[in-house]
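Residues per chain are reported as follows:
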Amino acid sequence: MRFLCYFVQAQPEFRLPELDAIASMFDIPLTYDKSEYRLENPFLYIDVPSEECAKKILSRAILIKEIVEVWADAPTHEETLEILRRYTERYKSFSSPEISFKIIVDFFGRKCAVPRQLEFINQLGFLNLEGPVSLKTPKLIVTVVHDYGGDPRYVPELPYRCYVGRVVGTGQRNLIDRYTLKRRNYIGTTSMSAELAFLMANCARVRANDIVHDPFAGTGSMLVAAAHFGAYVSGGDIDPRALRGKVAGKSIASTFQQYKLSSHLNGLLTIDMSQPPFRPTTLFDALLSDPPYGVREGARKVGIREGKALPGPEYPKPENHIPMTMPYDLPEIMSDLLDFAAQHLHLHGRLAYWLPTFRPEYRDSDVPTHPSLTLVSNSEQALTRRWARRLIVMEKTAPYQPRTERTCHNVSHALLRTKLWFDTHGREDPDEPTQAPRADEVETR
Amino acid sequence: MKLITHNMLQCHAKNCTKDNFPLKIEASEVAEQETEFNPEFIRRMLGRLEWKAFVSAAESLGIMGLPTEAPAESTEDEELLQLIHTALLEKQVIEGALTCNNCGHVYRVKKSIPDMRLQEDEV
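Here is what the cut-offs are and how they apply
Along each chain, residues carry numbers from 1 onward, in the same order as the chain's sequence is written. Going through the entries in the order they are written, you letter the chains from A and number the ligands from 1. Per-residue local features of the predicted model are confined to residues with pLDDT of at least 70, and side-chain atom pairs are confined, for both listing and counting, to 80 or more; whole-chain, interface and lining totals are unaffected and use all residues. Heavy atoms from the whole structure form the basis of all side-chain values; hydrogens and water molecules are not counted. Strands are labelled as partners when DSSP assigns at least two bridges between them. For the purposes of this entry, the term helix denotes a DSSP run of H or I that reaches at least four residues, the term strand denotes a run of E that reaches at least two, and both are numbered from the N terminus. Contact between two residues is taken to exist if any of their heavy atoms lie within 4.5 Å; hydrogens are not considered. Orientation is described by axes fitted as lines to C-alpha atoms, over the contacting stretch for helices, and by angles from 0 to 180 degrees between their N-to-C directions. Ring pairs are drawn from Phe, Tyr and Trp, using the six-membered ring of Trp, whenever the two centres fall within 6.5 Å, and their geometry is named by plane angle: stacked under 30 degrees, edge-to-face over 60, tilted for the rest. Type-normalised accessible area, obtained with a 1.4 Å probe on protein chains alone, sets the label of each residue: buried when under 20%, exposed when over 50%, and partly exposed for intermediate values. Both a distance and an angle decide whether a charge sits over a ring: NZ of Lys or CZ of Arg must be within 6 Å of the ring centre and within 35 degrees of the ring normal. Accessible area, probed at 1.4 Å, shrinks when two parts are joined; the buried area is that loss added up over both. The rule for a salt bridge is simple: a side-chain nitrogen of Lys or Arg has to be within 4 Å of a carboxyl oxygen of Asp or Glu. Counting of polar contacts relies on pairs of N or O atoms within 3.5 Å, with two restrictions inside protein: one atom must be capable of donating a hydrogen and the other of accepting it, and residues adjacent in sequence are counted only when both atoms are side-chain atoms. Classes in brief: Ala, Val, Leu, Ile, Met, Phe, Trp, Tyr, Cys and Pro nonpolar; Asp, Glu, Lys and Arg charged; the others, Gly included, polar. The definition of a nonpolar core used throughout is a set of buried Ala, Val, Leu, Ile, Met, Phe, Trp, Tyr and Cys residues joined through side-chain atoms within 4.5 Å. Under this scheme an angle from 65 to 115 degrees is roughly perpendicular, one under 35 degrees roughly parallel, and one over 145 degrees roughly antiparallel; angles in between are oblique. Cysteine sulfur atoms are paired as a disulfide whenever they come within 2.5 Å of each other. Scored from 0 to 100, pLDDT reflects the predictor's confidence in each residue.

A.B. asks: Looking at this model, I keep getting lost on the sheet that holds strand β3 (residues 106–110) of chain B. Mind explaining?
C.D. replies: Paired through their backbone hydrogen bonds, the strands of a sheet run either parallel or antiparallel. Residues and elements named next belong to chain B. The strand order across the open sheet formed by four strands is β1-β2-β3-β4, and the pairing between neighbours is antiparallel. Edge positions in the open sheet fall to β1 (24–32) and β4 (113–114), since each of these has one partner strand only. With four bridges joining them, strand β2 (residues 91–99) and β3 adopt antiparallel strand pairing. Each bridged residue has a counterpart across the sheet, and for alanine 97 the counterpart in β3 is arginine 108. Helix-sheet contacts for helix α4 (residues 78–90) involve β1 and β2, and the interaxial angle to β2 is about 60°.

Written as C-alpha cells, this is what we have:
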C-alpha cells in the first residue's frame, strides 16, 4: 500500500535513517524512491504492505508528523477536487453515520487564514461524509495539504503540490514535550535533547525488554529514551559525581523516578572506558552514546599525567583514594567504543553514537571502522559553520574479532579539543601544552 | 547495584585473567526496592545470565531457593520467575565491596554505584 509520509521539517538528514531503522526493527518491507526525496521537502511516498505497518512505524517515529492515505494528488487544488469527484470509491467507505470526522487544512511553508480554511473545508461538501463532525475525537481526519516549499525566502503564489487524503496517524512528537529537558529533574551542560535521544534509540532499534547500555552516560538522557521504549538500561561514567548528582535529590535515579521508569534502570557504574570491567561476552542489545569531547567536558581516563609523579608505592591505596586521570584522546575513545561494541553487543545489535567533526577537514573515511561492525547510517548535524557532529549507527554483523590497529590519528576529529580551543580563543590553549598543530596547519589528506 | 549488573562484571586488573569472575560481594548495606514484575524480560534473561554466579551472589544477599541450573526460557513457573525477579532486579547492594577471588582487588560500592576504576598505577 502506498502512503504519503509527511515528515517534520527538522533534523532532515536523520529522517530517512530513522524511517529505515524503524521499518527494519519491525521487519516491515519498506520501499520508496530515494530520488524523489529532498532535504528541503518533508513529503515522501512510501510503500508498506498494510496500514497496520504504517501505524507500527508511527508508534516509534520522532521525525514523522503524520502518514496520509492520499485520495487525490495534483499540481493544483482544483485538480485534486476533480480527482475526488471522479474517484469516489477512494473514500466512499468512510461515509457512514457511525464515522465521526473532521477536515483540516494544512499549508506547508505558508500560513492559511481561517476564512480561507473554511472555504476549503466547505468545498469538500461533495464528499458526502455522513458522520457527525467531531473536532476533538474524530474517527476520520481528512486533510488538505498544500506544499509551498520549504524556502522562507521565496514563497510562491500557488502551491507546488496539493494533496487531499485521510490521516492514518501521527508520529511521536508529543514525546519531545513530555521528556523536555526544561522540566527534567536532573540535567547537565551536555544533556542530549529529548528529540535526539529518541532518534538515537530508534536508529539503534531499541525494543521492549532489550538490555541497553551507555558507557558515557553523563546525566543519562539516552537511557531515559531507551527506557521509555521498554528497554532495561545501565550507564557508566568515569565521574561518579555525574551519575550520583552533586545536589541531593537531583540525579539520574531521580530523573527515572520523575518519568516513572525506575523499574527499567538496571544500574550505574563508575567506569573508565579505556579499561572496561565487563566479562568478555555479548551482553547488550544496543549501545547509545555521546562520547565527551568538548572544551568544557574534555574526556578523561585513569592514568598518570605527563609531568606528574607516580603516586606512592603503597598498596592497597587508602579507601578514599581517587585515581588520577589524564586526557583521553578522541580517536582513542572512538576506537575503544567500537571495540567495546564489537565485543559486547549481541549479533545484529546496534551502536548509535555521535562523532564530532571539524567540517573543513572531514572525510567519510574519518569514521572509525571495525571488522565486526557494519556502518548503517552516517548523518550530520551542523553545530556551526566549522563544527558538526555526526550520528553514526553501526550494526554488529560478525562475531567479535579484536581490532587490528589501535587508533587512527590521521582524522579530522584528532586533536579536536585543541582545534576547538583555537576556534573560540584565537590562540592555543595555554593550559594544555601540546605539540598539536594549529587548526589551519593540520594536515588535510 | 543490582545483581543483573553484578552478573556482567569481572576483575580487569592487569594480568588478572583467570578466576576473575564472579566478584565476591561483601555488602554492609543491602536494600530491597520494589520494581515492576515483567515475566517476559526475566525469561529472556535466563539464557543470558551466568547462572551459577547469579545463584551464589543471590545467596550472599540472603536469597535462597534458586535452582542450581537455569530454568528453560519457556518456563511457566510464575513463583520461580518472581523469585528470580526479586534476586535480579529488586535486591540491591547500597554500600559494600566487590572482591576478586584471584588477585584480591577490591572495588568499592558507594550509594549503590560500584566503582570499577583501577588505580593510576595499575592501568
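Now that the structure has been shown, the text picks up again.
A.B. asks: Just to check I follow, could you spell out the packing of aromatic side chains for this structure?
C.D. replies: Aromatic ring pairs are described here by two measures, namely the spacing of the ring centres and the angle between the planes. By the definition in use, this model includes 19 aromatic pairs over all chains. Centre to centre, the rings of Trp51(B) and Phe54(B) are 5.3 Å apart; their planes meet at 65°, and the pair counts as edge-to-face. One end of the pair is Trp51(B) and the other is Phe54(B), both in helix α3 (residues 51–60) and three residues apart, which spans about a single turn. Residue classification places Trp51(B) among the buried residues on the basis of a relative accessible area of 6%. Members of the aromatic cluster, joined through ring pairs, are Tyr6(A), Phe43(A), Tyr45(A), Phe108(A) and Tyr163(A). Cation over ring: Arg90(A) sits above Tyr87(A), and NZ or CZ is 4.5 Å from the ring centre.

A.B. asks: Mind showing me how you'd approach the sheet that holds strand β5 (residues 101–108) of chain A here?
C.D. replies: All names here are of chain A. Spatially, seven strands are ordered β2-β3-β1-β4-β7-β6-β5 in an open sheet, and the strand pairing comes out mixed. Edge positions in the sheet fall to β2 (31–32) and β5, since each has one partner strand and no second. Strand direction decides the pairing type here: β5 and strand β6 (residues 140–147), joined by eight bridges, are parallel. Counterpart to phenylalanine 108 in the pairing with β6 is aspartate 147. Relative to strand β4 (residues 64–74), helix α3 (residues 77–86) is tilted by about 75°, and along the sheet it contacts β4, β6 and β7 (161–170).

A.B. asks: Help me out: how do you make sense of the interface of chain A and chain B in this one?
C.D. replies: The accessible area lost on association of the parts is a frequent measure of interface size. The partner chain B presents 36 residues to the 42 residues of chain A that form the contact. Both faces combined, the contact of chain A with chain B buries some 3500 Å², and carbon together with sulfur accounts for 55% of it. The largest contributions to the chain A side of the interface with chain B come from Asn209(A), Pro277(A) and Arg279(A), which together make up 19% of the buried area. For the pair chain A and chain B, the interface holds four salt bridges. A salt bridge links Arg44(B) to Asp210(A), with the nearest nitrogen and oxygen atoms 2.8 Å apart. Run the count over chain A and chain B and you get 19 residue pairs in polar contact (both at pLDDT 80 or more). When grouped by side-chain class, the residues that make up the side of chain A that touches chain B number 24 nonpolar, eleven polar and seven charged.

A.B. asks: I'm lost on the nonpolar core in this one. Help?
C.D. replies: One recurring pattern in soluble globular proteins: nonpolar side chains tend to sit buried together. Ranked by size, the top nonpolar core spans 68 residues in total, and within it Phe278(A), Phe284(A), Tyr353(A), Phe54(B) and Leu98(B) carry the most contacts. Per element, the largest residue contribution to this core is eight residues, and it comes from helix α10 (residues 330–344) of chain A. In contact with Leu98(B), other than residues within four places in its own chain, are Met1(B), His6(B), Leu9(B), Leu23(B), Lys24(B), Ile25(B), His105(B), Val106(B), Tyr107(B), Val109(B), Pro114(B) and Met116(B).

A.B. asks: What am I meant to see in the packing of helix α1 (residues 15–25) of chain A against helix α6 (residues 194–203) of chain A here?
C.D. replies: The geometry of a pair of packed helices is captured by two quantities: the angle between their axes and the separation between those axes. Residues and elements named next belong to chain A. The N-to-C vectors of α1 and α6 enclose an angle of 45°; their axes lie 8 Å apart at closest approach. The orientation of α1 with respect to α6, classified from their angle, is oblique. The segment α1 lies against α6, with Pro17, Glu18, Ala21, Ile22 and Met25 engaging Leu199, Asn202 and Cys203. Looking at the contact of α1 with α6 residue by residue, the classes come out as six nonpolar, one polar and one charged.

A.B. asks: Looking at this structure, I do not really get the state of the cysteines. What am I missing?
C.D. replies: Here a disulfide denotes a covalent bond joining the sulfur atom of one cysteine to the sulfur atom of another. In total, this model carries zero disulfides over all chains according to the counting rule given. With no disulfide of its own, Cys162(A) lies 11 Å from the sulfur of Cys112(A), the closest cysteine sulfur. Between Cys11(B), a free cysteine, and Cys103(B), which holds the nearest cysteine sulfur, the sulfur-to-sulfur gap is 3.7 Å.

A.B. asks: What should I look at first to understand the pairing of β7(A) in this one?
C.D. replies: Looking along a regular strand, one sees side chains alternate from face to face of the sheet. All names here are of chain A. Across the ten residues that make up β7, a large majority, eight, are buried. Two elements, β4 and β7, share eight bridges in a ladder whose sense is antiparallel. If you follow aspartate 73 over to β7, its bridge partner there is tyrosine 163. Two strands pair when backbone bridges link them, and β6 and β7 are joined in this way by six bridges, in the antiparallel orientation. Bridge pairing links histidine 146 to cysteine 162 in β7.

A.B. asks: How should the side chain of Gln172(A) be read in this particular structure?
C.D. replies: Residues and elements named next belong to chain A. Looking at the secondary structure, you find glutamine 172 in the loop between β7 and α5 (174–178). Since its relative accessible area comes to 18%, glutamine 172 is described here as buried. A distance of 3.0 Å separates a polar side-chain atom of glutamine 172 from the backbone oxygen of leucine 58.

A.B. asks: Is there a simple way to explain the pattern of salt bridges in this structure?
C.D. replies: Opposite charge on two side chains makes pairing possible when the charged atoms of those side chains draw close. All names here are of chain A. Summed over all chains, the structure comprises 22 salt bridges over all chains. The partner of arginine 161 in a salt bridge is aspartate 73, and the shortest N-O contact between them spans 2.5 Å. Here the residue arginine 161 occupies a position in strand β7, and aspartate 73 occupies one in strand β4, the gap between them amounting to 88 residues. Owing to a relative accessible area of 29%, arginine 161 belongs among the partly exposed residues under this scheme. For arginine 183, the salt bridge goes to aspartate 177, with nearest N and O atoms at 3.2 Å. Via salt bridges that share partners, Glu51, Lys55, Glu69 and Arg166 belong to a single interconnected network.

A.B. asks: I'm lost on the confidence of the model for chain B in this one. Help?
C.D. replies: Atom-level detail of predicted coordinates should not be read off regions where pLDDT is low. All names here are of chain B. Averaged over all residues, the pLDDT of chain B is 95; the fraction at 70 or higher stands at 100%. Averaged pLDDT values for the elements of chain B fall to 95 in β3 and rise to 98 in helix α1 (residues 3–6). Model confidence for the complex is summarised by a pTM of 0.91, with the ipTM given as 0.97.

A.B. asks: Would you mind showing me how to read the environment of Glu90(B) here?
C.D. replies: Residues and elements named next belong to chain B. Note that glutamate 90 resides in helix α4. Put simply, glutamate 90 and valine 55 are 35 residues apart on the chain and 15 Å apart in space, counted from C-alpha to C-alpha. Once residues within four sequence positions are removed from consideration, glutamate 90 is found in contact with Ala31, Glu32, Gln33, Glu34, Thr35 and His85. Reaching out from glutamate 90, the side chain makes a polar contact with the backbone nitrogen of threonine 35 at a distance of 2.8 Å.

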